[in-house]
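Secondary and tertiary structure notes
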Amino acid sequence: MPLMNRGQRYGLRTASRPAKSGSGTDFSLWCYLLLLSLCINRGTTKGADRGITNTSDSPYAKLQSVDIDAVRWTDGFWADKLKKCHEVMIPNMWRLLEDPEISHAFDNFQVAAGLKQGRHRGPKWHDGDFYKWLEATAFVYGVTKDENLDKMMDRIIEVIARAQRKDGYIHTPVVISERQQPSEGSEFQNRLDYETYNMGHLMTCACIHHRATGKANLLKIAQGAADFLYATFKRSPQDVANNAICPSHYMGVVELYRTVGDPRYLELAKGLIDIRARVEEGTDHNQDRLAFRQQREAVGHAVRANYLYAGVADVCAETGDDPLLVALEAIWHDVAYRKMYVTGATGALYDGASPDGSKSHSSIQLVHQAYGRAYQLPNVTAYNESCATIGFALWNWRMLAIKAQARFADLMELALYNGVLSTISLDGKRFFYRNSLRQVDDLPFELRWSDKREPYISCFCCPPNIVRTVAEVAAYVYSMSPRGVWINLYGGNVLDTQLADGSPLRLQQKTEYPWDGTVRVTIEKAPKEEFSVFLRIPGWAEESHLTVNGKPAGKNLEAGRYHEIRRSWSSGDRIELVLPMSVELLEAHPLVEEVRNQVAVRRGPIVYCLESLDLPDNVRIEDVALFPAAQFQDRFAEGFLGGVVVLQAKAQRLSGPAWGDTLYRRLSQHKAAKIDIRLIPYYAWGNRGDSEMTVWIPLR
């Protein structure tokens, strides 16, 4: 096989040997690119070049993605979600995005392209919102091959191409301004214009579109944008450093490097991290007060933080930069064990201060959508922007590729089922911006965002991000390594891929997960040579059981780890994994003061909540307490909230006079009455009309 780098395998533009090497400069560059291609052309895992993150040639990634069309949902939970995404979420969002009277997003591209008159309307990051939706559309096309989606994308991409400047720059607010007043428009004038954020989402979208369709029309636009950023980085690194707000472009640039093989893009990605220390007046808000390698805690704006951490993880997978990875591990530990909600959501505060409580009062800065202090996890006022939870899932996915450890898949799953799905209504048409863990009517203070899901939000960054995530869950189900296949998530699907040596592998999962813990995996096609199947045993799944062809396989399956089965496989071999789905009461660390003497209820990967609609008449949410030895009956309620397992139990009604203006009072001596309660999955709350809700319930 001839020597090829990443870009050559796709037939994309790469450096070729110069016809003449008179000065030696061009020839030296060619030699450098040749050496680079020798380093990256390792062929670790075949059939994985078109994964959601293409780590097939990433030197420091232990796991590789499968191709985006390698997994097909067949039935069950995620099959239903993808169907809803294809048939409802994507067309509904296109209706919103193309309507100039609602979102203005596509209208801005048309004005920037010179196809119509007008001005830029909407937030400066609106281009990025549009790219997220377009990425969801591309991924769904890659799975369904819906020709209508392909034709629609081609028409849209033509408009985007016309909105791009000749030097590769693309950002509709500036391009429109330049069209109207050529002397006025100029890039990087305000770091809150979100130029690099928009370009980053363009790059990620373009890579997915290319892998789904085989076309390079959007990829060329993204390369132009990356070339512009690279040229600016070389010419004026300070401009690039100052404009790294919500840095999706870290992920985008690395993914573009993986796709086309241009070494400048990896150079740019590494440089973007290094120059953060040069930011003028750096802040914790934007995670650039300290050089990244010095950071050990999650600080500042949670969306910006999680995007940054995911992008740095991408760089680590390509470079093996140990100080970067040490910082990432410390920050991950800080989030996972001190700053994450029980639902997998992050970013606790509407507004915070950082460094909070510092002896140097002048160093304290205002932070919006803040991570806050360790264990500072309010419920009624929890911010938990939807994009922050999605960023957390993206970060964990990348850490999983580097480390091959189940702890990252555990938190990714927690976020997907709870923190992410709670943001979108069951009909796929309404959205939360923030995600509280307790909903109370008639608060004595005002909060910025609606306490109900809305069909359109003025800050529209979250809804298309949610749709993109739902569309792409299939990409996270499996990973590959030279030893075999890794099963990260469970759901009814078929995997059709290749092992590291190119041998075809086909297997099928059958399960009612997350409602039932029995997972059956059937090998439908496999080579004669032995390989491993790695099954994730979730951290909550104590005393799991495993059989192969009806015989016990493995003793004492350790929760929170992958269990490896290595053997020669034949068509028809059956693996059965039984994960116990017991109902668990969870308590929080004592320093999480808002939930002292309260518990959250979890069954499998699903976190539950109590909604006021499921209480007897005249019983308020705050009147309910659980017995320490509460016995829950789980029942699958078909047709209720799309089909969910509900939990029923006896609880206590704590009686007492209404609080009114009272702040403190004597403890009530009234005898508590027993009542029947029903808990529902947290992600499904708010779909039956107005209600109050709580995840944490007092224990008495």
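This is a predicted model, so every value here is computed, not measured. (Residues numbered from 1 in each chain as written. Predicted model: local features only at pLDDT ≥ 70, side-chain atom pairs only at ≥ 80, totals over all residues. Heavy atoms only, no water.)

Some remarks on the overall build of the protein
Convention followed: Strands are runs of DSSP state E lasting at least 2 residues, helices are runs of H or I lasting at least 4, and numbering of each runs from the N terminus. In this setup the radius of gyration rests on C-alpha atoms only. A globule is expected at 2.2 Å times the number of residues raised to 0.38. Think of it in three bands: residues with accessible area under 20% of the maximum for their type are buried, residues over 50% are exposed, and the middle band is partly exposed, with areas taken using a 1.4 Å probe on protein chains only. We call two residues contacting when some pair of their heavy atoms lies within 4.5 Å. Charged residues are defined here as Lys and Arg on the positive side and Asp and Glu on the negative side; His and the ends of the chain fall outside this count. A single reference atom marks each charge: NZ on Lys, CZ on Arg, CG on Asp, CD on Glu.
Scanning the protein from terminus to terminus reveals 17 helices and 24 strands. Against the compact-globule benchmark of 27 Å for 700 residues, the protein has a radius of gyration of 26 Å, which places it among compact chains. Based on the C-alpha atoms only, the size of the protein along its principal axes is roughly 95 × 65 × 50 Å. Sorting the 700 residues of the protein into buried and exposed places 60% on the buried side. Within the protein, contacts between residues at least 6 apart in sequence are counted, and of these 70% link residues at least 24 apart. The protein carries 83 positive and 83 negative side-chain charges, and their two centres are separated by 3 Å.

A few points about the pairing of strand β17 (residues 598–603)
Let me state the cut-off plainly: Any two strands with at least two DSSP bridges between them are considered paired.
Judged by how many residues are buried, β17 sits mostly within the fold: six of six residues are covered. Burial along β17 is two-sided: Gln598, Ala600 and Arg602 and Val599, Val601 and Arg603, pointing in opposite directions, are all buried. Here four bridges tie strand β16 (residues 583–586) to β17, and the two strands are oriented antiparallel to one another. Residue pairing for β17: Glu584 is matched across the bridge by Arg602. In the sheet, β17 pairs with strand β24 (residues 697–698) via two bridges, with the strands oriented antiparallel. Bridging across to β24, Gln598 finds its partner in Pro698. Sheet analysis places β17 next to strand β18 (residues 606–611), joined by two bridges and oriented antiparallel.

A look at the confidence of the model for the protein
Counted only if it meets this: In predicted models, pLDDT denotes the confidence assigned by the predictor to each residue on a 0 to 100 scale.
Mean pLDDT for the protein: 89, with 92% of residues reaching 70 or above. Here residues 13–47 is modelled with pLDDT under 50, and outside its nearest four sequence neighbours on either side it reaches 57 contacts, counting other chains as well.

As for unusual backbone geometry
Of note, the amide linkage connecting Tyr513 to Pro514 takes the cis form, showing an omega dihedral of 15 degrees. Counting through the fold element by element, Pro514 comes out in the loop between β9 (504–511) and β10 (518–525). The residue Ala404 is not glycine, and still its phi comes out positive at about 55 degrees. Looking at where Ala404 falls in the secondary structure, it is placed in the loop between α15 (386–403) and α16 (406–420). The phi dihedral of Asp442 falls on the positive side, at around 55 degrees, and the residue is not glycine. Among the structural elements, Asp442 can be located in the loop between β5 (438–439) and α17 (462–472). In this structure Asp442 comes out as exposed when scored by relative accessible area, which is 76%.

Things to note about the packing of aromatic side chains
For clarity, the cut-off: When the centres of two rings from Phe, Tyr and Trp lie within 6.5 Å, Trp using its six-membered ring, the rings pair. Their planes under 30 degrees apart give stacked, over 60 give edge-to-face, and anything left gives tilted. Both a distance and an angle decide whether a charge sits over a ring: NZ of Lys or CZ of Arg must be within 6 Å of the ring centre and within 35 degrees of the ring normal.
One pass over the structure, following the stated rule, counts 30 aromatic pairs. Here the aromatic rings of Tyr417 and Tyr513 are separated by 6.3 Å at their centres, their planes lie at 65 degrees, and the arrangement is edge-to-face. Pair noted here: Tyr417 is in helix α16 and Tyr513 is in the loop between β9 and β10, with a separation of 96 residues, a long-range link. Directly above the aromatic system of Trp332 lies the positively charged group of Arg407, at a separation of 4.9 Å from the ring centroid.

Overview of the state of the cysteines
For clarity, the threshold we go by: When two cysteine sulfur atoms lie within 2.5 Å, the pair is treated as a disulfide.
This structure, assessed with the given rule, holds zero disulfides. The thiol of Cys207 is unpaired, and the distance to the nearest cysteine sulfur, on Cys205, comes to 9.2 Å. Cys462 forms no disulfide, and the closest cysteine sulfur to it belongs to Cys387, at a distance of 3.6 Å.

Side note on the packing of helix α8 (residues 195–213) against helix α9 (residues 217–235)
Let me state the cut-off plainly: Think of each axis as a best-fit line through the C-alpha atoms, taken over the contacting stretch in the case of a helix, with angles from 0 to 180 degrees between the N-to-C directions. If you view the pair so one helix is near and one far, a crossing is left-handed when the near helix is turned anticlockwise from the far one by less than a right angle, and right-handed when it is turned clockwise. Classification convention: Asp, Glu, Lys, Arg as charged; Ala, Val, Leu, Ile, Met, Phe, Trp, Tyr, Cys, Pro as nonpolar; all other residues, Gly among them, as polar.
Orientation of α8 relative to α9, taken along the N-to-C sense of each, is 145 degrees, at an axis distance of 8 Å. Our pair here, α8 against α9, has a crossing hand that is left-handed. In this structure, α8 contributes Thr196, Met199, Leu202, Met203, Cys205, Ala206, Cys207, His209 and His210 to the contact, and α9 contributes Asn217, Leu218, Leu219, Ile221, Ala222, Ala225, Ala226, Phe228 and Leu229. Here the residues of the contact of α8 with α9 sort into 14 nonpolar, four polar and no charged.

Some words on the pattern of salt bridges
For clarity, the threshold we go by: Should a side-chain nitrogen of Lys or Arg be within 4 Å of a carboxyl oxygen of Asp or Glu, the pair is scored as a salt bridge.
Tallying each qualifying case throughout the model produces 46 salt bridges. Between Asp107 and Arg121 there is a salt bridge whose closest N-O contact spans 3.7 Å. Linking Asp107 in helix α4 (residues 105–112) with Arg121 in the loop between α4 and α5 (126–144), this pair joins segments that are 14 residues apart in sequence. Among the residues examined, Arg121 registers a relative accessible area of 23% and is labelled partly exposed. Asp154 serves as the salt-bridge partner of Lys215, at 2.6 Å between the closest nitrogen and oxygen. You can see Lys215 sitting in the loop between α8 and α9 and its partner Asp154 sitting in helix α6 (residues 147–162), a full 61 residues away along the chain. You can call Lys215 partly exposed: its relative accessible area is 25%. The structure contains a network of salt bridges with shared partners spanning Arg211, Glu255, Arg258, Asp314, Glu318 and Arg398.

Here's the deal with the packing of helix α11 (residues 248–260) against helix α12 (residues 263–274)
Inclusion rule: Geometric relationships in this document are graded by angle, where less than 35 degrees denotes roughly parallel, more than 145 denotes roughly antiparallel, 65 to 115 denotes roughly perpendicular, and other angles denote oblique.
Close contact between α11 and α12 brings their axes to 8 Å; oriented N to C, the two are set at 160 degrees. Here α11 lies roughly antiparallel to α12, going by the angle between them. Seen from above, α11 lies across α12 with left-handed handedness. Taking contact as the criterion, the partners of His249, Tyr250, Val253, Val254, Leu256, Tyr257 and Val260 in α11 are, on α12, Pro263, Tyr265, Leu266, Leu268, Ala269, Leu272 and Ile273. Counted by class, the contact of α11 with α12 contains 13 nonpolar, one polar and no charged residues.

A short note on the sheet that holds strand β7 (residues 484–487)
The sheet built from five strands is open, its strands ordered β1-β6-β7-β11-β14 with mixed pairing. Two strands close off the open sheet at either side, each with one partner strand: β1 (64–65) and β14 (561–567). As paired strands, β7 and strand β11 (residues 531–537) are joined by four bridges and run parallel to one another. Each residue of the ladder has a partner; that of Gly484, found in β11, is Ser532.

Observations concerning the sheet that holds strand β13 (residues 551–552)
Strand order in the open sheet formed by seven strands is β2-β8-β9-β10-β15-β12-β13, and the pairing between neighbours is antiparallel. Two strands in the sheet have a free side with no partner beyond their single neighbour: β2 (71–75) and β13. Pairing geometry for β10 and strand β15 (residues 574–578), over five bridges, is antiparallel. Each residue of the ladder has a partner; that of Arg520, found in β15, is Glu576.

Let's talk about the nonpolar core
Our working rule: To define a nonpolar core, start from buried Ala, Val, Leu, Ile, Met, Phe, Trp, Tyr and Cys residues and group those joined through side-chain atoms within 4.5 Å.
Formed by 239 residues in total, the largest nonpolar core has its most connected members in Phe130, Trp133, Phe292, Leu328, Trp395, Ile677 and Val695. Of the residues forming this core, the biggest block, twelve residues, is contributed by helix α13 (residues 302–319). If sequence neighbours within four positions are ignored, Phe292 has contacts with Ile273, Leu308, Tyr309, Val312, Leu324, Ala327, Leu328 and Ile331.

A few points about a negative patch on the surface
Keep this limit in mind: Think of a patch as exposed residues, more than 30% relative accessible area, with no salt bridge, where like charges cluster within 9 Å and nonpolar side chains (Val, Leu, Ile, Met, Phe, Trp, Tyr) cluster within 5 Å. Note on areas: Shrake-Rupley with a 1.4 Å probe; residue coverage comes only from the protein chains shown.
A cluster of acidic residues, Asp75, Asp80, Glu512 and Asp516, forms a negative patch at the surface. Relative to the assigned elements, Asp80 resides in helix α3 (residues 77–98).

Focus: helix α14 (residues 322–339)
Put simply, the rule is: Each residue after the first adds 1.5 Å to the expected span of a helix. Under the rule applied, a polar contact is a pair of N or O atoms within 3.5 Å (in protein, one hydrogen donor and one hydrogen acceptor; residues adjacent in sequence only if both atoms are side-chain atoms).
For α14, built from 18 residues, the straight-helix expectation of 26 Å at 1.5 Å per residue is met to within 8% by its first-to-last C-alpha distance of 24 Å. Taken together, the buried positions of α14 are occupied by Leu324, Leu325, Ala327, Leu328, Glu329, Ile331, Trp332, Asp334, Val335, Ala336 and Lys339. Where α14 begins, the side chain of Asp321 points an oxygen toward the backbone nitrogen of Leu324, at a separation of 3.2 Å.

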